[in-house]
Amino acid sequence: MGPHPAVAAIRLAVRRVLNDILDDHGRAPGRPPVHTRPPSPLVLVACSGGADSMALASALAFEAPRLGVRAGGVTVDHGLQAGSDLRAADVASRLRELGLDPVESVAVTVGRDGGPEAAARDARYAALDAAVERHGAAAVLLGHTRDDQAETVLLGLARGSGIRSLSGMAAVSGAGGRYRRPFLRLDRQTARKACMVQSLPVWDDPHNADPAYTRSRLRHEGLPALEKALGKGVVEALARTAQLSRDDADALDAWAGRAEAGVRDADGRLECAALQALPPAVRRRVLRRAAIEAGAPAGSLFARHIEEVDRLITGWRGQGDINLPGRVVARRQGGRLVIRQG
């Protein structure tokens, strides 16, 4: 008799990602390393102790040895709740009991930039990046589910930040594709069921139910209201929207990358007439790239900023400088668009 369907589903998702990682590192899945082949890659799981990441950790612990992959784990202590250090130590202990090695608990200091959720996320990814470098890991598995993807799409829609914002989380992201999200096609309930049938203890973060947090309100109020009004299937539809939007955004980004060389003069300055001839979606991507190259932080550069810069091209009436995040200034000079700091 095989494993419970929920357990089988999470293991299959992890197995597929591990095979991709092995392909990326030139190893045939399931073959032991020898001196003529690259060493067995190390894959870490980022685990908070919640149902999604515990299900992911258990699946990694099961599948990795069968494919000749080393498996470890990292839990991040954000220090935002009393006793968080003890909970992190407990999660690390559970990961070791699953057979993962190396395992570590990393304490971080959460700043204030961008609000509490964004600041915690930035601190967490910085800690995971450091763990990758410290252990020489090939990848980090993250437990984001289809439900998380749906929430991310709705948050992007609310910000009005364009199609890239609607594309949600990528299955592969980060420097060198180090972050992998095996569960983006699985719902949250499948992960929780897998933990239950395997008797895996899970910790429910109270922040996930705290209405002070935007994502929490969306999860417990917004999405249920949408499902009540529109019927079941909203989460699946939003996840499909994310993939379709990502495909479109990737194509437009590639177009903008090719078009950029043709709108710069011999000195590398952007020519307004050439920019105006581009389709708006492509032109705005070129402008965004130029602003980021000049020093504007990508996470603080919103659609409204790019729209103001775009008006220097399409609605020129002698406007003054446009101030962008990161002390970057955009101005029009003699038919050229100059974007630089200061």
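Look above for the structure.
The following refers to the structure shown. (Residues numbered from 1 in each chain as written. Predicted model: local features only at pLDDT ≥ 70, side-chain atom pairs only at ≥ 80, totals over all residues. Heavy atoms only, no water.)

The subject of this paragraph is the nonpolar core. Counting 38 residues, the largest nonpolar core has Val14, Leu18, Ile21, Leu60, Leu100, Leu141 and Phe183 as the members making the most contacts within it. Mapped onto this core, the elements with two or more residues apiece are α1 (5-24), β1 (42-46), α2 (51-66), α3 (84-97), β4 (139-141) and α7 (188-197). Ignoring any residue separated from it by four or fewer positions in sequence, one finds Leu100 in contact with Val45, Ala57, Ala61, Ala71, Gly72, Gly73 and Leu95. (Core = buried A, V, L, I, M, F, W, Y, C linked by side-chain atoms within 4.5 Å. Buried < 20%, exposed > 50% of the residue type's maximum accessible area, 1.4 Å probe, protein only. Helix = DSSP H or I, 4+ residues; strand = E, 2+ residues; numbered from the N terminus. Contact = heavy atoms within 4.5 Å.)

Let us now look at the sheet that holds strand β9 (residues 328-333). Reading across the sheet, the four strands line up as β7-β10-β9-β8 and stay open at both edges, with antiparallel pairing between neighbours. Each edge of the open sheet is held by one strand with a lone partner, namely β7 (270-271) and β8 (322-324). Pairing analysis gives three bridges linking β8 to β9, with the strands arranged antiparallel. Note that in β9 the partner of Leu324 across the bridge is Val328. (Pairing = 2+ DSSP bridges.)

Secondary-structure assignment places Arg146 in helix α5 (residues 146-159). What makes Arg146 buried here is its relative accessible area of 18%. Put simply, Arg146 and Glu236 are 90 residues apart on the chain and 7.3 Å apart in space, counted from C-alpha to C-alpha. Residues within four places of Arg146 in sequence aside, it is in contact with Phe183, Leu184, Arg185, Leu186, Asp187, Val235, Glu236 and Ala239.

As for its placement among the helices and strands, Val197 is situated in helix α7. Once the C-alpha coordinates of Val197 and Pro3 are considered, the two residues, 194 residues apart in sequence, prove to be 9.4 Å apart.

This part covers the side chain of Gln81. For Gln81, the location among the structural elements is in the loop between β2 (70-77) and α3. A distance of 3.1 Å separates the side chain of Gln81 from the side chain of Arg87, its partner in a polar contact. Residues contacting Gln81, with those up to four places away along its chain left out, are Arg87, Trp203, Asp205, Pro206 and His207. (Polar contact = N/O pair within 3.5 Å; in protein donor to acceptor, adjacent residues only side chain to side chain.)

Let's shift gears to the pattern of salt bridges. Pairing between side chains of opposite charge can happen when their charged atoms approach one another. Counting across every chain of the model gives 29 salt bridges. Among the ionic pairs, Arg134 bridges to Glu104, the shortest N-O distance being 2.7 Å. Of this pair, Arg134 sits in helix α4 (residues 116-135) while Glu104 sits in strand β3 (residues 103-107), and the two are 30 residues apart along the sequence. Taking the relative accessible area as the measure of exposure, Glu104 reaches 18% and is therefore buried. The partner of Asp310 in a salt bridge is Arg283, and the shortest N-O contact between them spans 2.6 Å. Placement of Asp310 in helix α12 (residues 303-314) and of Arg283 in helix α11 (residues 280-294) is noted, with a sequence separation of 27 residues between them. Of the two residues examined, Asp310 and Arg283, each falls in the buried class. (Salt bridge = Lys/Arg side-chain N within 4 Å of Asp/Glu carboxyl O.)

This paragraph deals with the sheet that holds β1. Strand order in the open sheet made by the six strands is β3-β2-β1-β4-β6-β5, with mixed pairing throughout. Of all strands in the sheet, those bounded by a partner on one side alone are β3 and β5 (172-173). The pairing of β2 with β3 spans five bridges and is classified as parallel. By the bridge assignment, Gly73 is partnered in β3 with Val103. Relative to β2, α3 is tilted by about 170°, and along the sheet it contacts β2 and β3. (Axes fitted to C-alpha atoms, helices over the stretch in contact; angles between N-to-C directions.)

At their nearest, the axes of α2 and α7 sit 8 Å apart, and the two run at 60° to each other. Taken together, the axes of α2 and α7 lie oblique to each other. Crossing angle aside, the handedness with which α2 passes α7 is left-handed. Contact residues: α2 offers Ala51, Asp52, Met54 and Ala55, while α7 offers Arg188, Ala191, Arg192, Ala194 and Cys195. Within the contact of α2 with α7, the residues separate by chemical class into six nonpolar, no polar and three charged. (Parallel < 35°, antiparallel > 145°, perpendicular 65-115°, else oblique. Left-handed = near helix turned anticlockwise from the far one by under 90°. Nonpolar A, V, L, I, M, F, W, Y, C, P; charged D, E, K, R; others polar.)

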